[in-house]
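Below, each chain spelled out in residue letters.
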2 protein chains.
Amino acid sequence: MIVAMSRYDPSAFPPFAVTVDLVVLTVREHALCALLVRRGESPFQGYWALPGGFVRPGEGLAEAASRELAEETGLRAHSAPGPGPSAVGAHLEQLATYGHPQRDPRMRVVSVAHLVLAPDLPTPQPGGDASSARWAPVGDLLGPTPVEGVPLAFDHGKILADGVERARSKIEYSSLATAFCPPEFTVGELRQVYEAVWGVVLDPRNFHRKVTGTPGFLLPTGGTTTRQGGRPAQLFKAGGATVLNPPMLRPEA
Amino acid sequence: MIVAMSRYDPSAFPPFAVTVDLVVLTVREHALCALLVRRGESPFQGYWALPGGFVRPGEGLAEAASRELAEETGLRAHSAPGPGPSAVGAHLEQLATYGHPQRDPRMRVVSVAHLVLAPDLPTPQPGGDASSARWAPVGDLLGPTPVEGVPLAFDHGKILADGVERARSKIEYSSLATAFCPPEFTVGELRQVYEAVWGVVLDPRNFHRKVTGTPGFLLPTGGTTTRQGGRPAQLFKAGGATVLNPPMLRPEA
DNA sequence: ATCATAGTCGTCTCTCTGACGATAAGCACA
DNA sequence: TGTGCTTATCGTCAGAGAGACGACTATGAT
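Residues numbered from 1 in each chain as written. Chains lettered and ligands numbered in written order. Predicted model: local features only at pLDDT ≥ 70, side-chain atom pairs only at ≥ 80, totals over all residues. Heavy atoms only, no water.

### Things to note about the overall build of chain A
Formally: Secondary structure follows DSSP: runs of H or I at least 4 residues long count as helices, runs of E at least 2 residues long count as strands, and numbering of each begins at the N terminus. We call two residues in contact whenever any of their non-hydrogen atoms come within 4.5 Å of each other. All accessible areas in this document rest on Shrake-Rupley with a 1.4 Å probe, and a residue is counted as covered only by the protein chains that are shown.
Helices and strands together make up the secondary structure of chain A, namely six helices and 10 strands. Considering only residue pairs separated by 6 or more positions, chain A has 64% of its internal contacts joining residues 24 or more positions apart. When the accessible surface of chain A is summed, it comes to about 11500 Å², and 56% of that surface belongs to carbon and sulfur atoms.

What follows is the structure, given as structure tokens:
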């Protein structure tokens with residue numbers, strides 16, 4: 001079995017660099033936004049890019065993604081198999097891996113992209129240098145003319161698009177939309193998350209009936225708030241359910 | 001930005017090996033089966049494992065997966081963005097990437113797993129050596145006592161489980177179940193695919209109504225066949241639709 | 001007090017689904 | 001030449017769920 005011999009021969013393997021890139025999404029001012037950092041060096045110097053970095057020896061992929069996220073935003077993330085949403089945590093999951101031979105002009109780099117869903121962060125500009133990081137509405141990034149007319153570095157535009165599509169479809173059949181919300185939130189705030197991520201307008205009455213009627217989705221905390229204005233709204237926290245049955249339906253059209 | 005400097009410094013990066021592993025699924029005799037190969041060398045010598053191998057320099061990830069698939073089975077696969085299902089092709093998509101630091105005892109190996117959905121192959125035993133490859137019912141592999149009481153090599157049990165779960169959920173909302181069928185098939189054959197993948201029994205009358213009523217799912221070819229026995233059944237081929245709206249619903253309970 | 005804003009509860013209709021009866025059209029075999 | 005078995009296909013009916021939308025409630029703003 002020559003094939004089998006060469007398949008796992010550890011002595012002669014082509015060298016790769018492995019990185020993680022992060023698609024960090026949040027909802028700010030009714031818009032789905034992604035975290036971008038400005039590149040300080042060549043190639044793509046001055047371009048906006050997704051945050052990310054090398055996976056260290058002895059470090060797992062999710063571990064590397066989590067470390068990069070903490071370095072960039074201070075967020076603590078829990079991967080899917082971890083405990084349910086809590087304090088200042090964000091949701092983290094693997095998105096996909098990008099390994100086109102020429103995706104980095106310098107060397108062979110395989111990047112394992114991760115998707116992070118986070119509530120709106122208190123600090124608008126993460127990191128020290130105000131010009132080195134920003135939240136950009138994804139609507140401005142996904143069109144034919146990306147942010148300020150300049151596409152993202154490397155294949156990050158494609159990675160971002162894949163991440164946004166993952167988020168859009170995943171909030172349909174999972175309770176992940178709550179990852180965009182603070183620990184306690186109202187039905188209206190949750191509805192605004194769906195409206196921002198999907199870019200649609202939803203009927204408040206049907207939405208209310210749907211989410212409060214889906215078992216395990218929302219747990220009432222007993223409190224109320226008027227921070228949205230109008231009649232005080234009940235506060236909820238995320239329930240234990242991870243998959244929604246029946247799912248939320250994205251309006252077609 | 002020291003962090004930014006180190007993020008993409010190409011001169012000093014930890015060395016990784018990058019492989020592709022394949023979860024190749026088919027439906028044989030009313031059971032969902034996965035392709036396994038027997039390892040000829042240490043570690044895990046003599047264990048069953050998923051087919052796979054190193055990504056070559058200058059080779060993309062899907063390209064490497066496609067090459068390995070052809071080497072193991074002779075199948076030509078089309079990735080998702082390619083043309084629709086045709087001749088002897090199989091569906092190929094990236095599944096997930098596995099990079100636990102100790103997943104291979106010899107070195108740091110990051111494996112990009114791919115999922116392949118194929119129609120039942122004419123050759124029961126792929127490859128030359130009859131003892132080196134086999135189709136194994138996934139029901140025998142996913143339980144607490146895997147095939148012949150021996151777990152799969154490396155973390156391949158976990159990869160297989162993830163692949164099976166991906167296939168199970170993906171045939172719900174996409175037309176991918178047709179990837180398990182020959183180019184022309186009957187509604188009954190398609191139903192048997194759903195029954196095998198989900199491990200359930202479906203009502204033939206409701207199933208028929210559902211799939212023939214979903215626009216773009218099935219295209220009648222005009223022919224009929226009696227290969228299933230009983231009354232002649234219409235032959236269909238896969239329609240252009242990739243997402244099913246409304247989705248097929250997996251029975252709960 | 002009145003209005004604007006948001007939350008919450010109900011109603012109606014339509015579509016889709018699951019359960020299941022009935023009929024159709026082949027093959028095997030007496 | 002039937003009879004029986006098998007699978008395909010069509011129909012019916014009741015119940016669940018979703019979209020459209022009316023109505024009422026409880027706050028803050030003016």
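Alright, that's what it looks like, and here's the rest.
### Brief notes about the protein's contact with DNA strand C
Quick reminder of the rule: Proximity is defined per residue: any heavy atom of the residue falling within 4 Å of a molecule or strand makes that residue near it. Each residue gets one of three labels, nonpolar for Ala, Val, Leu, Ile, Met, Phe, Trp, Tyr, Cys and Pro, charged for Asp, Glu, Lys and Arg, and polar for the others, Gly among them.
DNA strand C sits among 21 residues. The nearest are Arg205(A), Arg231(A), Arg205(B), Arg209(B) and Lys210(B). Among atoms of DNA strand C positioned within 4 Å of the protein, sugar and phosphate together represent 49%. Secondary structure elements with two or more residues in the surface near DNA strand C: helix H5 (187-198), helix H6 (204-213) and strand S10 (233-238) of chain A together with helix H6 (204-213) of chain B. When residues of the surface near DNA strand C are assigned to their parent elements, the largest contribution, four residues, is made by H6(B). When grouped by side-chain class, the residues that make up the surface near DNA strand C number four nonpolar, eight polar and nine charged.

### A closer look at the protein's contact with DNA strand D
To keep things clear, this is the line we draw: Whenever two N or O atoms come within 3.5 Å, that pair is a polar contact, provided that in protein one can donate a hydrogen and the other can accept it, and provided that, for residues adjacent in sequence, both atoms are side-chain atoms.
Around DNA strand D, a shell composed of 20 residues is seen, among which Arg205(A), Asn206(A), Lys210(A), Arg231(A) and Arg205(B) lie nearest. At 3.1 Å, a side-chain N or O of Arg231(A) approaches a base oxygen of DNA strand D. In the model, a base nitrogen of DNA strand D is placed 3.0 Å from a nitrogen or oxygen of the Arg231(B) side chain. Mapped onto the surface near DNA strand D, the elements with two or more residues apiece are H6 of chain A together with helix H5 (187-198), H6 and strand S10 (233-238) of chain B. Looking at the surface near DNA strand D element by element, the count peaks at four residues for H6(A). The residue makeup of the surface near DNA strand D, split by class, is three nonpolar, eight polar and nine charged.

### A word on the packing of aromatic side chains
All names here are of chain A. The line we're drawing: Here a Phe, Tyr or Trp ring, Trp counted by its six-membered ring, pairs with any other such ring whose centre lies within 6.5 Å, and the pair is stacked when the planes are under 30 degrees apart, edge-to-face when over 60, and tilted otherwise. Here the term buried applies to any residue with accessible area under 20% of the maximum for its type, exposed to any over 50%, and partly exposed to those in between, with areas from a 1.4 Å probe on protein chains only. Distance and angle both matter: a charge sits over a ring if NZ of Lys or CZ of Arg is within 6 Å of the ring centre and within 35 degrees of the ring normal.
One pass over the full model with this rule turns up eight aromatic pairs over all chains. Between Phe44 and Tyr47, the ring centres sit 5.2 Å apart and the planes meet at 80 degrees, which makes this aromatic pair edge-to-face. Owing to a relative accessible area of 30%, Tyr47 belongs among the partly exposed residues under this scheme. Centroid distance Phe44 to Phe154: 4.9 Å. Interplanar angle 55 degrees. Geometry classified as tilted. In this pair, Phe44 sits in the loop between strand S2 (31-38) and strand S3 (48-49) while Phe154 sits in the loop between helix H3 (138-142) and helix H4 (156-173), placing the two residues 110 residues apart along the sequence. Sitting over the ring of Trp48, Arg134 keeps its end group 5.3 Å from the ring centre.

### Focus on the confidence of the model for chain A
Note the cut-off: Note: pLDDT gives the predictor's confidence per residue, expressed from 0 to 100.
Here chain A shows a mean pLDDT of 88. Residues at 70 or above account for 86%. Every residue in residues 81-87 of chain A scores below 50 in pLDDT, and together they form five contacts with partners more than four places removed in sequence or on other chains.

### So, the domain arrangement of chain A
All names here are of chain A. We count it as follows: Domain segmentation is taken from an automatic or database assignment of domains. Any carboxyl oxygen of Asp or Glu that lies within 4 Å of a side-chain nitrogen of Lys or Arg is treated as forming a salt bridge with it.
The domain architecture assigned to chain A consists of domain 1 (14-171) and domain 2 (174-238). Computed from C-alpha atoms alone, the centre-to-centre distance between domain 1 and domain 2 is 26 Å. One can count zero salt bridges joining domain 1 with domain 2. For the pair domain 1 and domain 2, the interface holds four residue pairs in polar contact (both at pLDDT 80 or more). Of all the elements in the fold, those that place two or more residues in the side of domain 1 that touches domain 2 are strand S1 (17-28), S2, strand S6 (89-98) and H4.

### Side note on the environment of Leu117(A)
In this fold, Leu117(A) is placed in strand S7 (residues 109-117). Taking the C-alpha atoms as reference points, Leu117(A) and Ala179(A), 62 residues apart in sequence, are found 5.9 Å from one another.

### Some points on the pattern of salt bridges
Per the stated rule, a full pass over the model turns up 32 salt bridges over all chains. Here Glu68(B) ties to Arg67(B) by a salt bridge, and the two come within 3.2 Å at their closest N and O atoms. Looking at Glu68(B), the relative accessible area reads 3%, which means it is buried. A residue is classified by how much of its surface remains accessible, and Arg67(B), at 15% relative accessible area, is buried. When salt bridges with common partners are traced through the structure, they connect Arg56(A), Glu59(A), Arg67(A), Glu68(A) and Glu71(A) into a single cluster.

### Considering unusual backbone geometry
All names here are of chain B. Cis geometry marks the peptide bond from Ser42 to Pro43, where omega comes out at -5 degrees. Mapped onto the elements, Pro43 comes out in the loop between strand S2 (31-38) and strand S3 (48-49). For the bond from Asn245 to Pro246, the omega torsion is 0 degrees, close enough to zero to count as cis. Mapped onto the secondary structure, Pro246 falls in the segment after S10. Of note, the phi angle at Glu29 is positive, near 50 degrees, even though the residue is not glycine. Relative to the elements of secondary structure, Glu29 occurs in the loop between strand S1 (17-28) and S2.

### Some thoughts on the side chain of Thr178(B)
One can find Thr178(B) in the loop between helix H4 (156-173) and H5. Contact partners of Thr178(B), with chain neighbours within four places excluded, come to Phe185(B), Leu190(B), Phe217(B) and Ala238(B).

### Thoughts on H4(A)
Formally: Expected helix span is taken as 1.5 Å per residue step, with the number of steps being one fewer than the number of residues.
Along its 18 residues, H4(A) runs 26 Å from first to last C-alpha, staying within 8% of the 26 Å computed at 1.5 Å per residue. His156(A), Ile159(A), Leu160(A), Gly163(A), Val164(A), Ala167(A), Ser169(A), Ile171(A) and Glu172(A) are the residues of H4(A) that are buried.

### A few points about the state of the cysteines
Residues and elements named next belong to chain A. The criterion, for reference: A pair of cysteine sulfur atoms is labelled a disulfide when the two atoms are within 2.5 Å.
The tally for this structure, following the rule as stated, stands at zero disulfides over all chains. Not engaged in a disulfide, the cysteine Cys181 finds its nearest cysteine sulfur in Cys33; these two sulfurs lie 15 Å apart. Among the residues examined, Cys181 registers a relative accessible area of 7% and is labelled buried.

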